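# Structural characterization, general
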Amino acid sequence: MPKMKTSSAAKKRFKLSAAGKVMRRRAFRTHLLEHKSSKRRRAMRKTREMTPADTHEAMRLLGKR
């Protein structure tokens, strides 16, 4: 059986935390930032834990489990 390949797109977008949680970037952070409030832009800098519904698929794409 050949080795499973990690999805190149997934490895650029998702990271695993030390606790094993899948972390993702915030959406709406790339452009049109001028009209968004400073508070909103600052909050979007932080990474978020992925929702349980999407975690299983992300782990599969990363070649884990």
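Heads up: the structure comes first, above all this text.
Before going into details, it helps to say that this report is about the structure given with it. (Residues numbered from 1 in each chain as written. Predicted model: local features only at pLDDT ≥ 70, side-chain atom pairs only at ≥ 80, totals over all residues. Heavy atoms only, no water.)

Below, the discussion takes up the overall build of the protein. Along the backbone of the protein there are 3 helices and 3 strands. Of the regular secondary structure in the protein, the N- to C-terminal order runs α-β-β-α-β-α. With the principal axes as the frame, the protein shows a C-alpha extent of 50 × 25 × 20 Å. Nonlocal contacts in the protein, meaning residues at least 24 apart in sequence, comprise 52% of its contacts between residues at least 6 apart. Looking at the protein as shown, the accessible area adds up to about 5,800 Å², and 54% of this sits on carbon and sulfur atoms. Separation of charge centres in the protein, based on 22 positive and 4 negative side chains, amounts to 6 Å. (Helix = DSSP H or I, 4+ residues; strand = E, 2+ residues; numbered from the N terminus. Contact = heavy atoms within 4.5 Å. Areas by Shrake-Rupley, 256 points an atom, 1.4 Å probe, with all protein chains shown as cover. Lys, Arg positive; Asp, Glu negative; His and termini not counted. Charge placed at Lys NZ, Arg CZ, Asp CG, Glu CD.)

With that settled, consider the nonpolar core. Formed by Ala 10, Phe 14, Val 22, Met 50, Ala 58, Met 59 and Leu 62, the largest nonpolar core amounts to 7 residues. If we skip the residues at most four places from it in the chain, Met 50 touches Phe 14, Val 22, Arg 24, Thr 55 and Ala 58. (Core = buried A, V, L, I, M, F, W, Y, C linked by side-chain atoms within 4.5 Å. Buried < 20%, exposed > 50% of the residue type's maximum accessible area, 1.4 Å probe, protein only.)

Glancing now at the sheet that holds strand 3 (residues 48-49). The strand order across the open sheet built from 3 strands is 1-2-3, with neighbouring strands paired in antiparallel fashion. Each edge of the open sheet carries a strand with a single partner, namely strand 1 (15-16) and strand 3. Strand direction decides the pairing type here: strand 2 (residues 22-24) and strand 3, joined by 2 bridges, are antiparallel. In the strand pairing of strand 3, Met 23 is matched with Glu 49. (Pairing = 2+ DSSP bridges.)

Considering all chains together, one arrives at 2 salt bridges under this definition. Measuring nitrogen to oxygen at the nearest pair gives 3.9 Å for the salt bridge that ties Glu 49 to Lys 21. Highlighted residues: Glu 49 in strand 3 and Lys 21 in the loop between strand 1 and strand 2, separated in sequence by 28 residues. Its relative accessible area of 40% is what places Lys 21 among the partly exposed residues. (Salt bridge = Lys/Arg side-chain N within 4 Å of Asp/Glu carboxyl O.)

A cluster of basic residues, Lys 11, Lys 12, Arg 13 and Arg 25, forms a positive patch at the surface. Looking at where Lys 12 falls in the secondary structure, it is placed in helix 1 (residues 8-13). (Patch = residues over 30% accessible without salt bridge, like charges linked within 9 Å, V, L, I, M, F, W, Y side chains within 5 Å.)

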